[in-house]
Amino acid sequence: QVQLQESGPGLVRPSETLSLTCTVSGDSMNNYYWNWIRQSPGKGLELIGRIYDSGSTKYNPSLEGRVTMSVDASKNELSLNLSSVTAADTAVYYCARGNGISHWGQGTLVTVSS
Amino acid sequence: DIQMTQSPSSLSASVGDRVTITCRASQGISNYLAWFQQKPGKAPKSLIYLASILQIGVPSKFSGSGSGTDFTLTISSLQPEDFATYYCQQYNSFPITFGQGTRLDI
């Protein structure tokens, strides 16, 4: 049974960089798209970007320039960096597998505040 | 981006009822549509992919249909655990996008 688990700071200061890790267990990361998605009351569910197991990435144009994603298949981990955060980046952040998403992490709340 | 519009936004039903939720895409997406269930404070749970195929372990009381721009999720014989918010998601083109959700209340 595939399981995804997000981890990282729950509080980030404005203008700083949000960094999260997703650890995948129960299956290989190969041959799948891996997504970072966030959910906030104001904007619903929003794709941040996706990464393939090869490391190729596509980012949501709305966040382009602030997002960096990477994958370490040997560690079964993917990571997210979102720079220059503001209060608008406060959300629950999920990692999720697949283009038609089949599995979700439990999510982690990140609050941007000084 | 492809806009996904769900209707209704909220829906009240009773245990034992059958309900249908609609999802409309702003342009054709073939059958690249998924449905999710989300309960308060929890992550979404994947129910259906390719518009009508149940994810492993999802009971057959859930069914999906549609192609192109119009899709439906039907839940039969509602039980207390089915009261949640439901979302659709298109994955025909990047970026994947989600509907705004349909809240199903008792």
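What counts as what
Residues numbered from 1 in each chain as written. Chains lettered and ligands numbered in written order. Predicted model: local features only at pLDDT ≥ 70, side-chain atom pairs only at ≥ 80, totals over all residues. Heavy atoms only, no water. Helix = DSSP H or I, 4+ residues; strand = E, 2+ residues; numbered from the N terminus. Rg over C-alpha atoms; globule rule 2.2 N^0.38 Å. Areas by Shrake-Rupley, 256 points an atom, 1.4 Å probe, with all protein chains shown as cover. Contact = heavy atoms within 4.5 Å. Lys, Arg positive; Asp, Glu negative; His and termini not counted. Charge placed at Lys NZ, Arg CZ, Asp CG, Glu CD. Pairing = 2+ DSSP bridges. Axes fitted to C-alpha atoms, helices over the stretch in contact; angles between N-to-C directions. Buried < 20%, exposed > 50% of the residue type's maximum accessible area, 1.4 Å probe, protein only. Core = buried A, V, L, I, M, F, W, Y, C linked by side-chain atoms within 4.5 Å. Buried area = accessible area lost by both parts, 1.4 Å probe. Salt bridge = Lys/Arg side-chain N within 4 Å of Asp/Glu carboxyl O. Polar contact = N/O pair within 3.5 Å; in protein donor to acceptor, adjacent residues only side chain to side chain. Nonpolar A, V, L, I, M, F, W, Y, C, P; charged D, E, K, R; others polar.

A.B. asks: Can you walk me through the overall build of chain A in this structure?
C.D. replies: Secondary structure assignment for chain A yields zero helices and eleven strands. When the helices and strands of chain A are read in sequence order from the N terminus, they spell out β-β-β-β-β-β-β-β-β-β-β. The C-alpha atoms of chain A give 13 Å as radius of gyration, which agrees with the globular expectation for 114 residues (13 Å, within 12%). Dimensions of chain A, computed from the C-alpha atoms along their principal axes, are close to 40 × 25 × 25 Å. Looking at chain A as shown, the accessible area adds up to about 5100 Å², and 46% of this sits on carbon and sulfur atoms.

A.B. asks: Before we go on, may I ask you to explain the overall build of chain B in this structure?
C.D. replies: Secondary structure summary: chain B contains zero helices and eleven strands in total. Helices and strands appear in chain B in the N-to-C order β-β-β-β-β-β-β-β-β-β-β. Taking 13 Å as the expected radius of gyration for a compact globule of 106 residues, we find that chain B reaches 13 Å, a close match to that expectation. The contacts in chain B between residues at least 6 apart in sequence include a share of 56% that link residues at least 24 apart. A total accessible area of about 4800 Å² is found for chain B, and carbon and sulfur atoms account for 47% of it. When the 7 basic and 6 acidic side-chain charges of chain B are each reduced to a single mean position, those positions are 5 Å apart.

A.B. asks: Explanation requested: the sheet that holds strand β1 (residues 4-7) of chain B in the structure shown.
C.D. replies: Across a sheet, strands are paired by hydrogen bonds formed along the backbone, either parallel or antiparallel in direction. Residues and elements named next belong to chain B. An order of β1-β3-β8-β7 is seen for the four strands of this open sheet, with the pairing classed as antiparallel. The open sheet has two edge strands with one neighbour each: β1 and β7 (62-67). Each neighbouring strand pair of the sheet contributes to a mean axis angle of 20 degrees, computed without reference to strand direction. In this structure, β7 lies alongside strand β8 (residues 70-75), joined through six bridges in antiparallel fashion. The residue bridging S67 from the neighbouring strand is D70, located in β8.

A.B. asks: Whenever I open this one, the pairing of strand β11 (residues 108-112) of chain A confuses me. Can you help?
C.D. replies: Looking along a regular strand, one sees side chains alternate from face to face of the sheet. All names here are of chain A. Going residue by residue along β11, you find T108, V110 and V112 tucked away on one face and L109 and T111 left uncovered on the opposite face. Note that strand β2 (residues 11-12) and β11 share two bridges and pair parallel. Paired with L11 across the strands is T111, a residue of β11. Two elements, strand β9 (residues 91-97) and β11, share three bridges in a ladder whose sense is antiparallel. Looking at β11, one finds that V92 is bridged to L109.

A.B. asks: How do you make sense of the nonpolar core when you look at a structure like this?
C.D. replies: If you look at soluble globular proteins, the nonpolar side chains tend to sit buried side by side. Formed by 25 residues in total, the largest nonpolar core has its most connected members in L18, V24, W36, V67, L78, L80 and Y93 of chain A. Every element with two or more residues in this core is listed here: β3 (18-25), β4 (33-40), β5 (44-52), β7 (67-72), β8 (77-82), β9 and β11 of chain A. At four residues, β3 of chain A tops the list of elements feeding residues into this core. Non-local contacts of V24 of chain A, meaning those with residues more than four positions away in its chain, are made with V2, Q3, L4, M29, W34, N76 and L78 of chain A. Counting residues in each nonpolar core, the second largest holds 24 residues, with C23, A25, L33 and L78 of chain B among its members.

A.B. asks: Which parts of the structure should I look at to understand the sheet that holds strand β1 (residues 3-7) of chain A?
C.D. replies: All names here are of chain A. Spatially, four strands are ordered β1-β3-β8-β7 in an open sheet, and the strand pairing comes out antiparallel. A single partner strand is all that each edge strand has here, and the edge strands are β1 and β7. Sheet twist, expressed as the average angle between the axes of neighbouring strands with direction ignored, equals 15 degrees. With six bridges joining them, β3 and β8 adopt antiparallel strand pairing.

A.B. asks: Please explain the interface of chain B and chain A as it appears in this structure.
C.D. replies: Often, the extent of an interface is quoted as the loss of accessible area on bringing the components together. The interface of chain B with chain A comprises 14 residues on the first partner and 19 residues on the second. Summing both sides of the interface, chain B and chain A together bury roughly 1400 Å²; the carbon and sulfur share of this comes to 64%. Considering only the side of chain B, the residues that lose the most area to chain A are F94, I96 and F98 of chain B, jointly responsible for 41% of the buried surface there. Between the two partners, chain B and chain A, sit zero salt bridges. Along the contact surface separating chain B from chain A lie seven residue pairs in polar contact (both at pLDDT 80 or more). Those elements giving two or more residues to the side of chain B that touches chain A turn out to be β4 (33-38) and β9 (85-90) of chain B. Of the residues contributing to the side of chain B that touches chain A, the split by class is nine nonpolar, four polar and one charged.

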